[in-house]
Amino acid sequence: MNLSVRISSMKMKNPVMTASGTFGYGEEYSEFVDLNSLGAVVVKGISLKPREGNPPPRIWETPCGMLNSIGLQNVGLEEFLKFKLPFLRQFDTNVVVNILGETLEEYVQLCEALDKVVEAIELNLSCPNVKKGGILFSEDPEIFKKVIEESRKKIKHSVMIVKLSPMSDVKKFAKIAEQEGVDALSLINTIPAMAIDIHTRRPRLSNLVGGLSGPAIRPVGVKMVWDVFSTVGIPVIGMGGIITGEDAIEYILAGATAIAVGTANFVYPDATIRILNGIEKYMRLYNIEDINSLVGGLIWEG
Amino acid sequence: MNLSVRISSMKMKNPVMTASGTFGYGEEYSEFVDLNSLGAVVVKGISLKPREGNPPPRIWETPCGMLNSIGLQNVGLEEFLKFKLPFLRQFDTNVVVNILGETLEEYVQLCEALDKVVEAIELNLSCPNVKKGGILFSEDPEIFKKVIEESRKKIKHSVMIVKLSPMSDVKKFAKIAEQEGVDALSLINTIPAMAIDIHTRRPRLSNLVGGLSGPAIRPVGVKMVWDVFSTVGIPVIGMGGIITGEDAIEYILAGATAIAVGTANFVYPDATIRILNGIEKYMRLYNIEDINSLVGGLIWEG
Amino acid sequence: MSRHFRAEVLARESLTPRHVLLRLRPLENSLTPVPGQFYLLRVSQTLDPLLRRPFSIFSFEKEEISFLFIRKGRGTEILSNLRPSDQIEVFGPLGRGYPLPEQEATALVVAGGMGIASLFPLLKAIRKDTVLIYGAKTKSDILLKEQLNSLEYVKTIICTEDGTEGIKATVLEPLDDLLQRHTDKNITVYACGPDGMINAVKRMIDHYSLKGFFSLEERMACGLGACLGCVRKTQKGMKRVCREGPVFSGEEL
Amino acid sequence: MSRHFRAEVLARESLTPRHVLLRLRPLENSLTPVPGQFYLLRVSQTLDPLLRRPFSIFSFEKEEISFLFIRKGRGTEILSNLRPSDQIEVFGPLGRGYPLPEQEATALVVAGGMGIASLFPLLKAIRKDTVLIYGAKTKSDILLKEQLNSLEYVKTIICTEDGTEGIKATVLEPLDDLLQRHTDKNITVYACGPDGMINAVKRMIDHYSLKGFFSLEERMACGLGACLGCVRKTQKGMKRVCREGPVFSGEEL
Ligand SMILES: Cc1cc2nc3c(=O)[nH]c(=O)nc-3n(C[C@H](O)[C@H](O)[C@H](O)COP(=O)(O)OP(=O)(O)OC[C@H]3O[C@@H](n4cnc5c(N)ncnc54)[C@H](O)[C@@H]3O)c2cc1C
Ligand SMILES: Cc1cc2nc3c(=O)[nH]c(=O)nc-3n(C[C@H](O)[C@H](O)[C@H](O)COP(=O)(O)OP(=O)(O)OC[C@H]3O[C@@H](n4cnc5c(N)ncnc54)[C@H](O)[C@@H]3O)c2cc1C
Ligand SMILES: Cc1cc2nc3c(=O)[nH]c(=O)nc-3n(C[C@H](O)[C@H](O)[C@H](O)COP(=O)(O)O)c2cc1C
Ligand SMILES: Cc1cc2nc3c(=O)[nH]c(=O)nc-3n(C[C@H](O)[C@H](O)[C@H](O)COP(=O)(O)O)c2cc1C
Ligand code: FES
Ligand code: FES
C-alpha cells in the first residue's frame, strides 16, 4: 500500500501534515505524536522579528468550531532557526514554515532566509498590509500577485506554497498563483467571524474579529478544494475541519494531494495519528493500492 | 416592555421573522406556531413561473449545520397569490416575499406584481443569471446594482429588502444597495459548500454544491451583520444559525434590527416562539424597556 | 395534544447486535398514528447531530410508543445508547400512512430488510388473511420471527439472499410466483424496503395491473413539507416524502 | 503511561445544587499530578461542544482521580449529567503546579470561590501549620467544611460577602490583618480565585515583600502550549497559562 505523495519536489511518506498555528513548533506535541510518522510538520507562522500578538482573550468556542485571534504571536525568524528548527531536524519528516509579513519586503526577506533551509515555505497572505492601510494581502489580486512574484524570485530550492483565504474568489487567486509559478496551494485558512458576550455586551475576543476553524467549516473547505483542484494543475493541500480519517479522504477525493490537521489537534492530541490510521483503514477496506489514485476521485458528471 | 421594531415603513410587533425557504408558506408550521405572534413571515423564494428545483438528494447534515440545494423549487407567483397569500392574510402579521429570478426582467416583473400586495419584498440575488452565463447576481457589483436599480423603480409601496450573500464583500455590496435606495438589508444567505460520500465517491447532493446553514455559520453571520451595520444607515435583518433567544440577542447587539429564524425550525418546530420567549427573558433579566435600545449595542472601543 | 412532545425511555432492547427496539413513554398526550406514518426523533441534546432522524412507527399504545431501527450512522448510534429514564424529544405522527386494503381485497405485504419496521403495525392492523414476503441479506437480518408467527392471519414467507433462513431468493421470486398463481386481481400490494426492491415490485404490480402502496425514504429536515428537502420525482412532479408520503400509491410513483 | 487516557465515572456527587464532585477511575496508568496542575476533560462524544474543559486536580489516588467544579455553562452542565460507568477522555496532568513552601516558610493560602478546588490538594500536601483564608459570596458557596476541619495542620478562616457564614468580609481584610500582625517575612502566599482577587492579593504581597504563587485561568484549546490561545501578559511578555502556568510566581506576574 503506497501512502507517499509529492507536493512538487517535496516527497512525503504520507499525506498528513499539520496546519500552521495548531501544532506549535512540533515539540509541544512530540509526546503524543511520533513526528517521524507525519508527512510534514507545518509550524506556526513566523515573522522576521518576534511578535507579541493580541491581548487575551484570544479564543472562543462556537458550534462545532472555534474562533482564534492569536494575532501573529511567534518567536521570530532568528529564534526559530536557532532553537525550533534543530529540534525538528531530529526527525525524519519535512519541515514547512508558514510565513507572515506586514510588508512586501518582509515576505521577500523571509523567503530569502528560509530558502533551502526548509523543505517548503508556505506564504500566509491573510495578514494586513501595513503599507496599504491594512488591506489584506489576500484581498487584492494586484497585491497578491506582487508578493508572490517577488517571493518567487527568492525561493530557488524549497517548495513554494501559497495559502488561500476563503474570503476571496479562490479560483481567481489560485490561477494567479499558478501563473506566477507557485508550486502548490493550501487552503482553507480560517473564516473571519465574531461572537458577542450578551451579558457584558462585549466581544468574546479582545480583537473583536477572529478566524473560524474546525468541523463547522469543513463543507466550505471541501468545496473550495474542489474548486481549486478543478481550476489549476498544481497540487492542493486541503484543510478545514478534518477530525477523522474519513474527513481526510473526503478532502482527497475533492482534489487534495495532502491534507493538514488543525483544530483537531486540540480535540485529540494524537489526532494526526488517528487520521493517518483512518486513511489506511479506508484504503484497506477498498483495496486501494496507491493513495494518489484517490486524489480528485470524486465521481461527478456535472 | 417594547418589542416592536420597524424595518423602514414596515412595523413589526417583535423582531422575530422566519428565514425564507425554511418555513414554507407559513401554513406548514401553523400547527406549532401562532403566526399572529411573529414579527413577519418570510415565504419560500417565489419565481414568476412554478419551478421543479433540483433532483434529490437535496439535503445533507454537516457538523452543527446542513447543506441544501433545493434549487429554487416553488409554486410560482400565480399560485402564491391565489392560494398561499390568502392563507397568510388570515393572520395579523407582515408578509414578506422572497423573490428569485434568472434574468433582470424576471426580478422587475416580480417586483411590479408584488408591490403593495405584500408588506415587503426581499430580493434573493444569489441566483445564477442565465443571460450572463450563470454568474450570480450577487457576485458582480455592476449586475447587482442594475437589478436593484430597475427593481427599485417598481417597488413604490412595499418595503424593499435586499438579501446579501456571504461570499461577497458585504460592506461594498451593502453600500451599493443603500445608494440605490434599498430600504433594508438581510443577511446572511447560506455559504456555498459541499460534501462527498467517501464510500460511493459521489457528492452527497445531486447538485454537487449546496448552501451551508445552521449554528456552524453563526459567528460568520454575526460578523457580517456587524460589518454592514457599521457601514450603512439602513436597517439590517440578521440571520444565520440562530437557535435560541440568546443567539438572537447576539445578532441584535451586532446591529440587527430584526432577526430571521431558518434551520432552527427543523430542530424545533416551535423555534420562532422559543426564540421570542428567550428574547423577552433576556430583556426582563436586564430590565430592557425597549428592544431598539439593544440594536448595535456591542461595546467595543476598537 | 401536540405532535411535538417529550418521552421517557422505558427500554432499549437489542434484537440483534445491530437492531434496536426503542420503547418510549410519552410524557404528554399524543396523537394516535396510522401504520406507515413516521416520527422525527431528536438524537442529541447538543447541536451535533443537528437534524432529527425519521423512523416509522413500530407500535403504539396508550402508554408506550416504540421504534425499531438498525444502527447505521451517528444518529442511530447515539439512540442505541439511550438508557431507561433518559428523555427524548419526539415529533409526530407525520406524513401519510398505509390505507387498509378494501373490503374485498387481499393484502400481499413485501418487506425488504428494515422495511419490516414500517410494515409490522400494518400486518397487525389488517385483520384478515394476508401473505407477508419478508426478505433480507442473511439469517441475522430476519427479525421478529416469533411476533410474526403469533399474528394469526399472517402467513410469512421468509427469504434470504444467502439461503441461511427460509428460501434462498430475493422477495421478487416468491412474489412473482404468488402473483402468477393468483388470477384474482383484487390484491393490494404493500411494500417497504430499499429503492431497488421498490422499483422492481412496482414494475411487477404494473405488469399484473394491481393496486400497490409503497413507503419511500428520503433525507429529511422539517418533516412538515416546508423545506422541500425530501422530494421524490413522481408522475405528478416533485412530491414531498414527509407530506404527500412516505406512503405513495403505485399510480403516483 | 500516557497523559491522554480514558476513565470511568465512579460517582458524580452534588455538594450543593451547583457544585459537583466528579470521581473517576483511570482505565490506564496515569501520571501523578502536583497540586495546582490541571486536566482537560472532553465533555461530549459528539463534536459539540468541541473543545475540552480545564479543571484543576482535586484529588488523586492510585485508583481514583477527582475534580470539583461549579456548573457554569454547557460543558459543565453535560459533565454534571455523567453517570457511573460512563466513560470520559482525560488529558493531563498539564501545566506547572504549586511549589511547596520552603523548609522555613509558613504558608498562607487564599481561596476565592471555586479557587478552593485547586488549593485543597495543596493544603493536604503542606504538612505543617498553615492558615487558609477562604472567601465566597454566600454560605452555600462555602464547600468542604468537614474535609477542611479534618486537615489537622490547617486553620481555616471563612468569610462571606453577605456574612451568612464566617466573618462578613472579602478575603482581603483577614489577609491584611494577618500580614500586619506577622512581622515574620518568611511567609509564602498561595492564591487562586477570580482575577480581581488575584490582583489585590498580588498588590498586598508586593507591599509586604512576600513570596507568592497565583493560579490563573484563561480559555484553552490545546493545553500544551501550541496554540497560544491561553496567554496572559506578564513581566516577561505573553506567557501561556497552560504551559508556564497555571501557577505563576508573584515576580512573574
Ligand atoms: C419515513 C422514514 C421512515 C424510516 N423508518 C425507519 C425505521 O423504522 N427503522 C430504521 O431503521 N430506519 C428507518 N428509516 C431510515 C432512518 O431514518 C435512517 O437509517 C437514519 O436516519 C440514519 O441515521 P444515522 O444518523 O444513524 O445515519 P447517518 O448516515 O449518519 O445519517 C446522516 C443523515 O442522513 C440521513 N439518513 C441516512 N439514512 C437515511 C435513510 N435511509 N432515510 C432517510 N434519511 C437518512 C439521516 O437522517 C441524517 O440526516 C426511515 C426513514 C424515513 C425517511
Ligand atoms: C487551569 C484551570 C483550572 C480550572 N479549574 C477549575 C476547577 O477546578 N473547578 C471549576 O469549577 N472550574 C475550574 N476552571 C474553570 C473551568 O474551566 C470553567 O468553569 C469551565 O471551562 C466552564 O465550562 P462551561 O462549558 O461550563 O462554560 P461556558 O462558559 O459555556 O464555556 C465556554 C468556553 O469558555 C471556557 N471557559 C469558561 N469559563 C472559563 C474559565 N473560568 N477558565 C477557562 N476557560 C473558561 C470554556 O472552557 C469553554 O471553552 C479552571 C480553569 C482553568 C483554566
Ligand atoms: C489557533 C490557530 C492558529 C492559527 N495560526 C495560523 C498561522 O499562524 N498561519 C496560518 O497560515 N494559519 C493559521 N491558522 C489556520 C490553520 O492553519 C488552518 O488553516 C485552519 O485552522 C483550518 O483548519 P482546521 O479547521 O483544521 O483548524 C491557525 C488556526 C488556529 C485554530
Ligand atoms: C432548506 C433551505 C431553503 C432555503 N431557501 C431560500 C430561499 O428560497 N431564498 C433565500 O433567500 N434563502 C433561502 N435559504 C436561506 C435562509 O433563508 C437563510 O438565509 C440561511 O439558511 C441562514 O439562516 P439559518 O442558519 O438560520 O438557516 C434557505 C435555507 C434553507 C436551509
Ligand atoms: S422534510 Fe422538509 S419538506 Fe419534507
Ligand atoms: S491552551 Fe494552547 S497554548 Fe495554552
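For the structure, check the block above.
Residues numbered from 1 in each chain as written. Chains lettered and ligands numbered in written order. Predicted model: local features only at pLDDT ≥ 70, side-chain atom pairs only at ≥ 80, totals over all residues. Heavy atoms only, no water.

A. Region of the structure containing unusual backbone geometry. In this model, glycine 92 of chain C is joined to proline 93 of chain C through a cis peptide bond whose omega is 0°. Relative to the elements of secondary structure, proline 93 of chain C occurs in strand β7 (residues 87-94). In this model, aspartate 48 of chain D is joined to proline 49 of chain D through a cis peptide bond whose omega is -5°. Even without being a glycine, leucine 144 of chain C presents a positive backbone phi close to 60°. Inspection of the secondary structure assignment puts leucine 144 of chain C in the loop between β9 (130-136) and α3 (145-149). At serine 85 of chain D, a position not held by glycine, the phi torsion is positive, near 80°. Its location among the elements puts serine 85 of chain D in the loop between α1 (74-79) and β7 (87-94). (Helix = DSSP H or I, 4+ residues; strand = E, 2+ residues; numbered from the N terminus.)

B. Representation of the site of ligand 2 in the model. Around ligand 2 sit 21 residues, and of these Pro54, Lys72, Gly75, Thr76 and Glu217 of chain D come closest. Chains contributing residues near ligand 2 are chains A and D. For ligand 2, a nitrogen atom lies 2.7 Å from a polar atom in the side chain of glutamate 217 of chain D. Summarising the interface, the protein chains cover 89% of the accessible area of ligand 2, which totals 820 Å² for the free molecule. For the shell around ligand 2, the element with the highest residue contribution is strand β4 (residues 53-56) of chain D, accounting for four residues. Here the residues of the shell around ligand 2 sort into 11 nonpolar, four polar and six charged. Viewed by domain, the shell around ligand 2 spans two of them, domain 1 (4-94) and domain 2 (106-249) of chain D, each represented by three or more residues. (Near = heavy atom within 4 Å. Polar contact = N/O pair within 3.5 Å; in protein donor to acceptor, adjacent residues only side chain to side chain. Areas by Shrake-Rupley, 256 points an atom, 1.4 Å probe, with all protein chains shown as cover. Nonpolar A, V, L, I, M, F, W, Y, C, P; charged D, E, K, R; others polar. Domains from an automatic or database assignment.)

C. Main features of the site of ligand 4. With respect to spatial proximity, 21 residues lie near ligand 4, and among them Ser20, Lys163, Gly214, Gly241 and Thr263 of chain B are the closest. Chains contributing residues near ligand 4 are chains B and C. One nitrogen or oxygen atom from the main chain of glycine 45 of chain B is found 3.3 Å from an oxygen atom belonging to ligand 4. Summarising the interface, the protein chains cover 97% of the accessible area of ligand 4, which totals 610 Å² for the free molecule. Looking at the shell around ligand 4 residue by residue, the classes come out as four nonpolar, 15 polar and two charged.

D. Examining the pattern of salt bridges more closely. Overall, the coordinates contain 68 salt bridges over all chains when judged by the stated rule. Notably, a salt bridge pairs arginine 202 of chain A with glutamate 301 of chain B, separated by 3.6 Å at the nearest N-O pair. Of this pair, arginine 202 of chain A sits in strand β13 (residues 202-203) while glutamate 301 of chain B sits in the segment after α8 (271-285), each in a different chain. Judged by its relative accessible area of 39%, arginine 202 of chain A falls in the partly exposed class. Measuring nitrogen to oxygen at the nearest pair gives 2.7 Å for the salt bridge that ties glutamate 102 of chain D to lysine 211 of chain D. Placement of the pair is glutamate 102 of chain D in the loop between β7 and β8 (106-112) and lysine 211 of chain D in strand β13 (residues 211-215), with a sequence separation of 109 residues. (Salt bridge = Lys/Arg side-chain N within 4 Å of Asp/Glu carboxyl O. Buried < 20%, exposed > 50% of the residue type's maximum accessible area, 1.4 Å probe, protein only.)

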